[in-house]
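Results of the structural survey
Below, each chain spelled out in residue letters.
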Amino acid sequence: MVEIEIDGQKVEVAEGSMVMHAADAAGKYIPHFCYHKKLSIAANCRMCLVDVEKAPKAMPACATPVTQGMVVRTTSDKAVKAQQSVMEFLLINHPLDCPICDQGGECQLQDLAVGYGGSSSRYQEEKRVVFHKNVGPLISMEEMSRCIHCTRCVRFGQEVSGVMELGMVNRGEHSEITTVVGDTVDSELSGNMIDICPVGALTSKPFRYSARTWELSRRKSVSPHDSTGANLIVQVKNNKVMRVVPFENDAVNECWIADRDRFSYEALNGEERLTKPMIKQGGQWSEVSWQVALEYVANGIKGVQRDHGVEALGALVSPHSTLEELFLAGELVRSLGSRNIDYRLRNAEFAKDDGVRWLGRSIASLSDLNTALVVGSNVRKEHPLFAQRIRQAARKGAVVATINAKAFDLAMPVAHQLLAPAAQWAYALSSVAAAIAQSKAIEAPNNAGTVTPEAIEIARALQSGEQKAILLGNAVAHHAQASTLLAIANWIGTQTGATVGFLTEAANTVGAQWVGAVPQGQGLHAGQMLAGGIKAAILLNTEPAFDSAAGSNGLQGCEMVVSLSPFKANMDIADVLLPVAPFTETSGSFVNAEGRVQGFHAVVKPLGDARPAWKVLRVLGNLLGAAGMDFESSQDVLAVATRSQDQVPAELLSNSTKTNMAVAAPASQEPVVASIYQLDGIVRRAPALQMTADARQSSEVVAP
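Residues numbered from 1 in each chain as written. Predicted model: local features only at pLDDT ≥ 70, side-chain atom pairs only at ≥ 80, totals over all residues. Heavy atoms only, no water.

**What about the nonpolar core?**
Membership of the largest hydrophobic core comes to 75 residues, with the highest contact counts inside it found for Phe 33, Ile 139 and Leu 202. Sequence-distant contacts of Ile 139, defined by excluding residues within four places in its chain, comprise Val 185, Ser 190, Met 193, Ile 194, Leu 202, Thr 203 and Lys 205. (Core = buried A, V, L, I, M, F, W, Y, C linked by side-chain atoms within 4.5 Å. Buried < 20%, exposed > 50% of the residue type's maximum accessible area, 1.4 Å probe, protein only. Contact = heavy atoms within 4.5 Å.)

**Remarks on the layout of surface pockets**
The computed volume of the largest pocket comes to approximately 770 Å³. Forming the walls of the largest pocket are 26 residues, and the residues nearest its centre are Gln 108, Ile 194, Asp 195, Ile 196 and Pro 246. Counting residues per element, the ones that place at least two in the lining of the largest pocket are α5 (192–196), β10 (203–204), β13 (240–246) and α6 (259–263). Broken down by element, the lining of the largest pocket gets its largest block of residues, 4 residues, from β13. Split by residue class, the lining of the largest pocket holds 12 nonpolar, 6 polar and 8 charged. (1 Å grid on protein atoms, 1.4 Å probe; cavity = no way out; pocket = protein on both sides within 12 Å on 5 of 7 lines; lining within 4 Å. Points joined across faces, edges and corners; volume = space filled by probe spheres on them. Helix = DSSP H or I, 4+ residues; strand = E, 2+ residues; numbered from the N terminus. Nonpolar A, V, L, I, M, F, W, Y, C, P; charged D, E, K, R; others polar.)

**Re the packing of aromatic side chains**
Applying the stated criterion to the full structure yields 2 aromatic pairs. Between Arg 243 and the ring centre of Phe 207, over which it is positioned, the NZ or CZ distance is 4.4 Å. (Phe/Tyr/Trp six-rings, centres within 6.5 Å; stacked < 30°, edge-to-face > 60°. Lys NZ or Arg CZ within 6 Å of the ring centre and 35° of its normal.)

**Describing the UniProt feature "domain: 4Fe-4S His(Cys)3-ligated-type" (unreviewed entry) in the protein**
Here the UniProt feature "domain: 4Fe-4S His(Cys)3-ligated-type" (unreviewed entry) sits at residues 78–117. Helix and strand shares over residues 78–117 are 60% and 0% respectively, and the end C-alpha atoms of the span are 16 Å apart. (UniProt positions renumbered as here; feature names shortened; annotations may be inferred.)

**Structural notes on the sheet that holds strand β7 (residues 139–141)**
One open sheet holds the 3 strands; their spatial order is β6-β7-β10, and the pairing between them is antiparallel. Taken across any chain shown, the strands that pair with only one partner, and hence form the sheet edges, are β6 (133–134) and β10. Two strands pair when backbone bridges link them, and β6 and β7 are joined in this way by 2 bridges, in the antiparallel orientation. Each bridged residue has a counterpart across the sheet, and for Asn 134 the counterpart in β7 is Ser 140. (Pairing = 2+ DSSP bridges.)

**Some remarks on the sheet that holds strand β16 (residues 313–317)**
Spatial ordering of the open sheet is given by β15-β14-β25-β24-β23-β16-β17, a layout of 7 strands whose pairing is mixed. Of all strands in the sheet, those bounded by a partner on one side alone are β15 (284–287) and β17 (341–342). Relative to β15, strand β14 (residues 278–281) runs antiparallel, the two being bridged by 4 bridges. Directly across from Gln 281, in β15, lies its bridge partner Gln 284. Against the sheet, helix α7 (residues 290–308) engages β14, β16, β23 (536–540), β24 (560–565) and β25 (576–579), with an angle of about 130 degrees to β25. (Axes fitted to C-alpha atoms, helices over the stretch in contact; angles between N-to-C directions.)

**A word on empty space enclosed by the protein**
Considering all chains together, one arrives at 4 cavities of 30 Å³ or more under this definition. Empty space within the largest cavity amounts to approximately 480 Å³. Around the largest cavity, the lining is made up of 34 residues, and of these Tyr 343, Arg 344, Asn 347, Ala 477 and His 478 lie nearest the centre. Counting only elements with at least two residues in the lining of the largest cavity, the list comes to α13 (474–477), α14 (482–496) and α15 (509–514). Here the lining of the largest cavity takes 3 residues from α14, the largest share from any one element. Residue composition of the lining of the largest cavity, grouped by class: 12 nonpolar, 14 polar and 8 charged. Considering only enclosed or pocket space, the second largest cavity measures out at about 250 Å³ in volume. Around the second largest cavity sit 23 residues that line it, and His 320, Asn 541, Pro 566, Pro 582 and Ile 682 are the ones nearest its centre.

**Some thoughts on the pattern of salt bridges**
Tallied over the entire structure, the rule returns 35 salt bridges. Linking Lys 237 and Glu 215 is a salt bridge whose minimum nitrogen-to-oxygen distance equals 3.0 Å. Highlighted residues: Lys 237 in strand β12 (residues 231–237) and Glu 215 in the loop between β10 and β11 (217–222), separated in sequence by 22 residues. Judged by its relative accessible area of 37%, Glu 215 falls in the partly exposed class. Note that Arg 685 is salt-bridged to Glu 272, the shortest N-O span being 3.0 Å. Within this pair, whereas Arg 685 is found in the loop between α20 (681–684) and α21 (687–690), its partner Glu 272 is found in the loop between α6 and β14, the two being separated by 413 residues in sequence. Residue Glu 272 is classed as partly exposed on the basis of its relative accessible area, which comes to 41%. The structure contains a network of salt bridges with shared partners spanning Glu 272, Arg 346, Glu 505, Glu 543, Asp 547, Arg 684 and Arg 685. (Salt bridge = Lys/Arg side-chain N within 4 Å of Asp/Glu carboxyl O.)

**Some remarks on helix α12 (residues 453–462)**
Those residues of α12 that sit buried are Ala 455, Ile 458, Ala 459, Ala 461 and Leu 462. Angularly, the buried residues of α12 cover 160 degrees about the axis, an arc narrow enough to put them on a single face. (Arc of directions from axis to C-beta.)

**Regarding helix α19 (residues 634–642)**
The complete set of buried residues in α19 reads Ser 634, Val 637, Ala 641 and Thr 642. Looking down the long axis of α19, one finds its buried residues gathered within 105 degrees of arc, a one-sided arrangement. Of the residues one or two after α19, Arg 643 is the one with positive phi, at around 55 degrees.

**A closer look at the UniProt feature "domain: 4Fe-4S Mo/W bis-MGD-type" (unreviewed entry) in the protein**
In the numbering used here, UniProt assigns the "domain: 4Fe-4S Mo/W bis-MGD-type" (unreviewed entry) feature to residues 216–272. Helix and strand shares over residues 216–272 are 9% and 35% respectively, and the end C-alpha atoms of the span are 25 Å apart.

**Some points on a nonpolar patch on the surface**
Taken together, the side chains of Met 164, Val 180 and Val 181 present a nonpolar region at the surface, about 250 Å² in accessible area. Looking at where Val 181 falls in the secondary structure, it is placed in the loop between β9 (176–179) and α5. The exposure class of Val 181 is exposed, given its relative accessible area of 60%. (Patch = residues over 30% accessible without salt bridge, like charges linked within 9 Å, V, L, I, M, F, W, Y side chains within 5 Å. Areas by Shrake-Rupley, 256 points an atom, 1.4 Å probe, with all protein chains shown as cover.)

Below is the structure:
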């Protein structure tokens, strides 16, 4: 540690730290633009100039290493004059358009100009103008004359998203930020550039000119999409969600969110929102009251169970539903005598799991891996924030290896790739096991694959370093030989000391397992229900036509199909549509991939006559005479469902399996994996996301 003095205050920081870090530790604010705690140091804005004793001129705090006994003054006459001079240069070419700038009210340049800018400009020449650029449907670069060349966006692309899509061209006054790879910015993390831009050069195209920042109220929430559980700030005006930005949580999402977390809110006020209950009669849909709709559903379910038995009822639920909704759906079905409930609509195998499948380690620890083996996942598109952490590890020297059907651009160095058709993944993974057995002179697993050069390299990487992880992707979880793949991965993990875990597909995949949204005993699984095994179906936040491997044709023979969704969904197969609230209009909880329970409250009132799904399920249970459904609040449901725990109990988290490792014949069915902007009903209906380059690719892709 090194001790220095800042404005008369002694502070200790680690050797190699910069003066800016010491100021942060001392609680001292030094004005800056280009410095960002998650990005490399550029020292090109010069706004952070400070007075360092014995230095002949002011020094940039972000790029000046601390030394023992250093004395720094941040508010001396020398420092302040240097900062004022820098501000004068920054404002020379800056347009005077604060009144119409979307950044107004939350602009670093605006704030610091008040403290360090002059009351008038000495500059009389013509101002520089930078031509606007169209870089896609998410980011607006219409006012690049505002850019102050801090290069935060450039460094973000290089260091966090892994793709340098923006760069600086030309020199001096002619410098400008522009696209350098293609015509558009297509990164799945691109929206973070909007947050880190200190001026109004990069703004949100969907939000542009829709509200002023001081008109917005800010409320915390959690993303309902992938299994990161990204923490959000939802900004609201007139009971309408206007913008979504990240809430910093270093243990989960740091200060970043994926584009689908940021821009999916557009669907919440879209034309496809369902605002009143609807019943189909004679092939025509008509709006009815809640009482009529719920009584119609109750009578229909009673009739089906009377005619076909209690097991004729089944529930297909989405792992994007809240913990409370999933718990009550299970309680409702089981209270009525059925055991048919499942969230695994995309799965091809439905083995009885020994525990709750999870990541196998903390999310934050992904940043510190020495070796990562990713199996069956385009992790960059399926889990952008997990990929970002693995990218951090790769930048620090971690070895990344993959087993996939084709080579994906993961925007990070991939040291070893083992390519094989999805049907042969078990054989490919067992070849890695055989290479490990060979190197350790031990017996290989049954039917182990042939040792190949690629397998030897992957085995060698897994046997070196301390922090190692085998990460099984969505395509493995949905694979017809998922249990076999897990068994082989566990053997490799045991031999190498690597953790084994599932990246897990959705916001509540872990939670769905925990609260029992899976069939019990002889109950039918999702594949059997979708094949026509039931006569009455409850669809909770799911659309089998998009969310399942089998599609929705098997439900055509049902006598009663009830769709609980915020949208006009399942209209081809449903008899009743019940409008339920999306995550912004209800309270609830999600459990992310590491087993962390994260609760949230409604940020706006439900649209129209929509109601929180947990309330709808509770009332439906009361009408059907189901026991144990008398809850007054979602917190009451959560307390019963989780026994008031904020983490899945360690004894329940398990990726072990009793399946034999013997590699059987190749799987006959290709696993189905949702593409990045087809994951759930909300992102599917977000206009800006559907105009991106990723969305223009196939809406459903066969296994990676």
